Structures are given as structure tokens and as C-alpha cells.
2 protein chains.
Amino acid sequence: ILNIDYKTSHKRITLPGLINISAFVPHIAEQNSNDFAQVTKASLAAGFTTINVLPIGSTESLQDARTIAIAHSNGKCNAHCDYSLSVAVTESNSLQLTKVVPDAASSFIPFTNLQGATIPKMATISTHFSTWPLLSPIVTDAKGTDLASVLLLANLYDRAVHVTSVSTKEDIVLIALSKEKGLKVTCDVAVYALFLNTNEIQNSEDLLPTPADQVALWEHLDVIDCFTVGTLPYRLAQALNKNNSASTGIEDTIPLLTNAINEGKLTLDDIQKRLYTNPQKIFDIPEQPDTYVEVEIDRKVVIAQKEENWSPFIGKTLVGAVSRVVLRGDTVFLDGGLFSSGNNGKDISTLTHVIAKTPAVKESLSVKE
Amino acid sequence: ILNIDYKTSHKRITLPGLINISAFVPHIAEQNSNDFAQVTKASLAAGFTTINVLPIGSTESLQDARTIAIAHSNGKCNAHCDYSLSVAVTESNSLQLTKVVPDAASSFIPFTNLQGATIPKMATISTHFSTWPLLSPIVTDAKGTDLASVLLLANLYDRAVHVTSVSTKEDIVLIALSKEKGLKVTCDVAVYALFLNTNEIQNSEDLLPTPADQVALWEHLDVIDCFTVGTLPYRLAQALNKNNSASTGIEDTIPLLTNAINEGKLTLDDIQKRLYTNPQKIFDIPEQPDTYVEVEIDRKVVIAQKEENWSPFIGKTLVGAVSRVVLRGDTVFLDGGLFSSGNNGKDISTLTHVIAKTPAVKESLSVKE
Ligand SMILES: [Zn+2]
Ligand SMILES: [Zn+2]
Ligand SMILES: [Zn+2]
Ligand SMILES: [Zn+2]
Ligand SMILES: [Zn+2]
Ligand SMILES: [Zn+2]
Ligand SMILES: [Zn+2]
Ligand SMILES: [Zn+2]
């Protein structure tokens, strides 16, 4: 997996096309929004060839046929990488959710940053666990007591649940205990939460982990199934009144993680597992043929000030950078230049439906797993 | 079990000495309070020969060695029936709780009506589940999401938990599901909650079940392990600005339940299970030799206005009444007259300690069970 690039004297390694299972598209349900293009473009350049789009945007959410149709139409012919949509479970839409099964690859039980959604009650979550197709993942951003209650219900209904954006000691310990006990739970941590804490950034109390929380996250690295971008970079910039956009924080991902390899905190395998192997498995993401990412893991990069995106790492030198991205045989990114036509990204939400719509196949597959 | 009382022409049945596992003693931690005498006296006359005292009083709670010592001293030589004490788990006392193990028969995780206690966080509850002696029960009044998180933690630590005063459809359904799934959970419902709802009593929204909740309680009768008096009669009187005292509501218990037999809603076995068999088993309550209660199940009683205690059933005719209570061979109550010396009630908290203090016995006992 490790190749020495003699020409440039940089160590170059090859990874599969990376997967961001919590991609934030701010204007997700706004007609003619360009956010889809912007997020998928930044994702591709950062090594992500597939993203799962969170259903909660900055001012609206995907929670019914209408909003999902807008998101699909925004994504159509306008995506640089593959993507799937998710639908938010709310107190008011739970009975209509079966109608949108064919249009969403997963469902999301939201507890924070609700944009027009309402926190679902326990009875609603129960109904959801018992009616949402078995092969379609259920994701939640529940924390604390809410997380505990979602985990209990998942257990009672024998359903798997994925917890996104874990950021406290309490939550990662609860997930660790639940995994030990055999509960079907997986989780991700936003990359920013691994490298920034409330001591380092003023007024970030509701967003970043405390130093103690952050220590607990690193101590429970084996419990963390995936790394994600999440909403954290966007919301942090917003909270600090800095410039943000649909692409905020995406390109910092690989430099931050490879820099941690350089510091002895992570291995290459840690990264590949959490940005490809586990996301692929948990979300049943179809393989992309002839798709890979080359990373120069010893190249020093200085995070630069950009017009539309603030980064808390501006001016900082990190070690490691994406040098090439190949999607289905085509080099779409090379040494800083993007060569993507902008319409090669496929909507893969549908691929999941085909399976989920066929109960016979579903049953045998879930037995096999 | 059913005897015809020819002399009076009333049908008389015999029950074991009844157990109220959630007895409310308002001034539980107030020096020289007479509440202990009053509660145990009313309990005995109502057929209860054993009570578990809730650690949360009307203005204070049992949460440390000092408050527990006061309660013990108030009970000493001052109790008409047997009793055991419980200790509240709070955010601040969890590390000191092992010290009071010898003085409390059970521990209580409080979420409502906290009187000087603080709601314990999940980490505190976790610690409690992993450190509290296995043979000593853990009780909670958690509701909704809090209940779900307590149930999850109990499951993760493989501990049994008893939920007291269940009053909503959401909670009884959650407990039903948890039992089906094999979780070690038991529960009780306050007798008042079976016969009063928010439609019948104005301004009782935070205390009584709604009619729909009440229907769900009756529909899940098989899920309800115990009936209790609980804090409901006292708090209901308080909320409605009626007279209340340490004995409020206790004597209504048997008339309400036997009246439900008369109406075809309950069987005698339903009552015996929930006021004796299950409480005895769940709380490991020592058997009282030569102790029983005679109930005339066809005698009409009109609930009378009393000086210190309001009852929502004043003026109502119910069928069934306690006619005789025999405690350890002595008739202590007969046809309305109390013949109790007032110091025959034993503190049985200690009986549990003896077992809980001996790990070897504890292990073999729990295997046996
Ligand atoms: Zn290079
Ligand atoms: Zn918008
Ligand atoms: Zn689609
Ligand atoms: Zn741990
Ligand atoms: Zn009689
Ligand atoms: Zn008091
Ligand atoms: Zn004692
Ligand atoms: Zn049910």
C-alpha cells in the first residue's frame, strides 16, 4: 500500500475512494441551490468519492417527498462525487416515511440543530425502529440521555443504529459499553473534534469536546467506527462569525489525519478503516471500480486562507496531502487541479432501495450477514 | 382462600400480610417527626404489615448517613408494622453510598419531587449499577427518556431495576417491550392511578394519568408486578389544596381494589400477586409467621370525610373492607379498632444487609434464583 514516489521524493500511498458518511449540505432543500455542486466538488478534491448527505441543512431539512424531490433535483447532473440522501424522522412525518423509502438510503433521528424538524418522541422512534426497512441504516445525532434511550429502543427492536458526531466522554463510554454488551451500534466522530477542543477555541462550548472529552475520544479510538466531516466545521465557523460555505472544513480532513500519523497518533490502517472499510460496510455503499486516492503522506502543507472558507488551522503546517483522485478510471484531481466534469457523481440512494424493496432478498441477506 | 362468614353473612377472604413497596413518609429525615408512627399505623389498619419507605420525603430526603440515622431513630420503637429504608442516589453522594449499604434495604434513583437531592447523571447511574450490592434492589421513578436511559444502563450492567409509580402509556409500553426482550425490569403502579384520571380531577395533569394512559395501564395489567400507595394520594391532595398527612390515601387501597373485583376488572389473585407475592420476591422481604389479613369482599363501605385526610373518594360507596389484621399471631386490627402497641414493627432493612454483606452467600443465592 505504500509506494515511494522517486520523482518527487515524496512517500505516496494509495487509498480506496474515501467515504464521508455525514456530509453537510447547508441549503439541502432549497430549489436551485448550488450547494450540492460545491460540497461534492470539495469532497472529490479532498479524496471523498462518495458522500452520505445529512438530511438536516442550515435552514431546512429533508423530511417529506417535497423536500427530498428538491434535493434530488439539485443533485441531478450537478454532483462531482457519488452521493446518497437521507430522510429525517420527525414527530409529524413518521407515518408518511414509508412513502419516501425509495428516495432515501438511510433515515436520521435528529436531536440537534433541527431545522423545521421536531424531536421525535419515544413512541415515534419505536414505530420507526419497527417499520423502517431492515437493510436501510438508521442514524442519529442523539446525545446523553437521548442517546441512551435511542440505544435502548434499537436494542428492544433488534435494530442496528449508527451514532454520528460523538463528542463527549459520556457518549463514547456508553457506546463502548453497549458494544461490549453486543448491541448493534456503530459510531463516528467528526475529524475536527479529534484535533480541536474548547480550551483551544473560545466560545466553542456547545460544539467542540472539552479537553477531557477529547482525551476520552482518543482513548476509545477502537470504539470509533468512522471518521466524518459532519456539520462541525460549518457550525464552528458560524459560531465564531467566520466565513463559511458548503465546503467548509472538507479539505482539512486528510492533512489533519495524515499529520496524526506523522505524530504517531494514528496508523494508515486506522484511517483507511474509518474513511472507507467501515463506512462501506455499515452503509452498504456500492464499490466504485477503478477508483482510488493517492496521498503524499510526507508532504508539508500550510493551510491557506481562502476567500469563502475560514479554517481554525489557517497558517498551520500539517504533514500529508491528497495528490491524485481517480474516479471510475478517470483522474479527476491531480496536484491541486480539479478535472471533474461536474456531472459524474451518481445518486446511489436508489441502489439501496432496490434491495430494501425486496423482502425476500432482504431476509436472506440479513441472515447471511 | 374464600370463607363465608356466616355470623355476619359477609364473604370473608384471607390474604397474607400485605406489602406496600413505595410508602411515603413526608418528614422522613426530620428529627422527632411522628410520621413514622402515623404511616405504619394507617398501613397496619389497611392490611399492610410491611412497608418499604421511599427515601424522598416532602421536604428532605435520605441520602447520607446523617439523614438515614434520623429516619432509623424516628422508626425505632415507633412503628406499627415492619419497615425497611431506602437511600436516594444523587449526583453528589454516589461515592459515599457504600457507607450506607448496611442501613438501607434498597437504593432509589430519583428523577421527580427531588427534596434536596439532585438528579444523577448517566455516569453516576452507571457507577451505581456497577457498585451497589447485587442483592439489594435498585428502584427508580424515572419517566420517558430518563426511564429509557436507566433501563439501558441496567441492561448494560446486567442489573435488575424496579420502576415505581408508572403512570403513562409510553412508560408501560416501554417496560412491556423491555420485559419481552428479557431485561430484568419490574414495576408498580399507584392504586390511585388505576382509578382516577385527569378527566375526573381538575388540575391533576402532572400527577394522574390521562384517560388514554389509564386505559394503557389496565391493558398492560400483566406487565404490572406490584400495586403501591406511593406519593400520589399525598401529592394529589397537596396539588388541590386539600388536607393531607402521612396517612393520606392508605386506607382507600383495599376498598378500591376489592371494588374492582366486584366490577369484574380484577381477580383476587391479581391483588394477592401485586400486594404480596411479587413485592415479597422482588424485595426479598422476610416472611412474617402467623400473619394474615381478612377482607370482607362484599361489604359496602362509604368512604368517610376524615379530619386530617382528604380523599377523592369521599362519599363514594365501594365494595370490600379489611376486617382483621393479624401480625405474628396477635390480632392488631379488628372491625375498625386498632389494637397495636405501636412498637411491634421491626426495622427489616438490616435483614437485607446481612445477606448483602456476605459476598459468598450473595453469589450462590443469585445463582440459585
Ligand atoms: Zn509529491
Ligand atoms: Zn436554504
Ligand atoms: Zn434517488
Ligand atoms: Zn472505556
Ligand atoms: Zn362482616
Ligand atoms: Zn420535614
Ligand atoms: Zn437499620
Ligand atoms: Zn403493549
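Everything numeric in this text was worked out from a predicted model, so none of it was measured. (Residues numbered from 1 in each chain as written. Chains lettered and ligands numbered in written order. Predicted model: local features only at pLDDT ≥ 70, side-chain atom pairs only at ≥ 80, totals over all residues. Heavy atoms only, no water.)

**Observations concerning the overall build of chain A**
So, point 1. Scanning chain A from N- to C-terminus turns up 13 helices and 15 strands.
So, point 2. The C-alpha radius of gyration of chain A comes to 19 Å, within 12% of the 21 Å expected for a compact globule of 369 residues.
So, point 3. Expressed along its principal axes, the backbone C-alpha trace of chain A runs to roughly 60 × 45 × 45 Å.
So, point 4. Looking at the 369 residues of chain A, the share that counts as buried comes to 60%.
So, point 5. A separation threshold of at least 6 residues defines the contact pool for chain A, and within that pool the share at least 24 residues apart is 72%. (Helix = DSSP H or I, 4+ residues; strand = E, 2+ residues; numbered from the N terminus. Rg over C-alpha atoms; globule rule 2.2 N^0.38 Å. Buried < 20%, exposed > 50% of the residue type's maximum accessible area, 1.4 Å probe, protein only. Contact = heavy atoms within 4.5 Å.)

**Describing the sheet that holds strand E4 (residues 48-53) of chain A**
All names here are of chain A.
So, point 1. An order of E3-E4-E5 is seen for the three strands of this open sheet, with the pairing classed as parallel. Here the strands that pair on one side only, and so sit at the sheet edges, are strand E3 (18-23) and strand E5 (82-84). Sheet twist, expressed as the mean angle between neighbouring strand axes with direction ignored, is 20 degrees.
So, point 2. Two strands pair when backbone bridges link them, and E4 and E5 are joined in this way by three bridges, in the parallel orientation. Counted as the bridge partner of Ile-51 is Tyr-83 from E5. (Pairing = 2+ DSSP bridges. Axes fitted to C-alpha atoms, helices over the stretch in contact; angles between N-to-C directions.)

**Details of the relation of the copies chain B and chain A**
So, point 1. Relative to chain A, chain B is turned by 180 degrees and slid 0.0 Å along the rotation axis, the superposed coordinates differing by an RMSD of 0.0 Å. The relationship between the two copies is best expressed as a two-fold rotation axis. (Least-squares fit on C-alpha atoms with pLDDT ≥ 70 in both.)

**Looking at the confidence of the model for chain A**
Residue and element names in this part refer to chain A.
So, point 1. Per-residue pLDDT for chain A averages 90, and the proportion of residues at 70 or more is 93%.
So, point 2. Note on residues 353-369: pLDDT under 50 across the span, and 18 contacts to partners over four residues away in sequence or across chains.
So, point 3. Predicted complex metrics record ipTM = 0.85 and pTM = 0.89. (pLDDT = per-residue confidence, 0-100.)

**Concerning the coordination of the zinc ion (ligand 2)**
Residues and elements named next belong to chain A.
So, point 1. At 1.9 to 2.7 Å from the zinc ion (ligand 2) lie its protein donor atoms, namely His-27 (ND1), Glu-30 (OE), Glu-60 (OE) and Glu-60 (OE).
So, point 2. In this structure, the zinc ion (ligand 2) is coordinated by four donor atoms arranged in irregular fashion, with angles at the metal of 48 to 149 degrees.
So, point 3. On the primary sequence, the residues serving as donors to the zinc ion (ligand 2) are separated as H-x2-E-x29-E. With Glu-30 in the loop between E3 and helix H1 (35-45) and Glu-60 in the loop between E4 and helix H2 (65-75), the pair connects residues that are 30 residues apart, well separated along the chain.
So, point 4. Taking the relative accessible area as the measure of exposure, Glu-30 reaches 36% and is therefore partly exposed. (Donors = N, O, S within 2.8 Å, 3.2 Å for Na, K, Ca; no water. Tetrahedral: all angles 85-135°; square planar, octahedral: opposite > 155°, others 65-115°.)

**A few points about the sheet that holds strand E5 (residues 82-84) of chain B**
Residues and elements named next belong to chain B.
So, point 1. One open sheet holds the three strands; their spatial order is E3-E4-E5, and the pairing between them is parallel. Among the strands making up the open sheet, the edge pair consists of strand E3 (18-23) and E5. The mean angle between the axes of side-by-side strands here comes to 20 degrees, regardless of whether they run parallel or antiparallel.
So, point 2. Inspection of the sheet shows E3 paired to strand E4 (residues 48-53) by four bridges, in the parallel sense. Bridge pairing in E4 links Ala-23 to Val-53.

**Brief notes about the interface of chain B and chain A**
So, point 1. Contacts between chain B and chain A engage 20 residues on the former and 20 residues on the latter.
So, point 2. Summed over both sides, the interface of chain B with chain A buries roughly 1800 Å², with 71% coming from carbon and sulfur.
So, point 3. It is Met-122, Leu-152 and Leu-156 of chain B in chain B that bury the most area against chain A; as a group they hold 34% of the surface buried on that side.
So, point 4. At the junction of chain B and chain A, the tally comes to two salt bridges.
So, point 5. Between Asp-158 of chain B and Lys-181 of chain A there is a salt bridge, with the nearest N and O atoms lying 3.2 Å from each other.
So, point 6. Our count for the chain B to chain A interface comes out at four residue pairs in polar contact (both at pLDDT 80 or more).
So, point 7. Looking at the side of chain B that touches chain A, the elements with two or more residues in it are helix H4 (122-131), helix H5 (144-156) and helix H6 (169-180) of chain B.
So, point 8. Considering each element in turn, the side of chain B that touches chain A owes the most residues, 10 residues, to H5 of chain B.
So, point 9. Taken together, the residues of the side of chain B that touches chain A break down into 11 nonpolar, five polar and four charged. (Buried area = accessible area lost by both parts, 1.4 Å probe. Salt bridge = Lys/Arg side-chain N within 4 Å of Asp/Glu carboxyl O. Polar contact = N/O pair within 3.5 Å; in protein donor to acceptor, adjacent residues only side chain to side chain. Nonpolar A, V, L, I, M, F, W, Y, C, P; charged D, E, K, R; others polar.)

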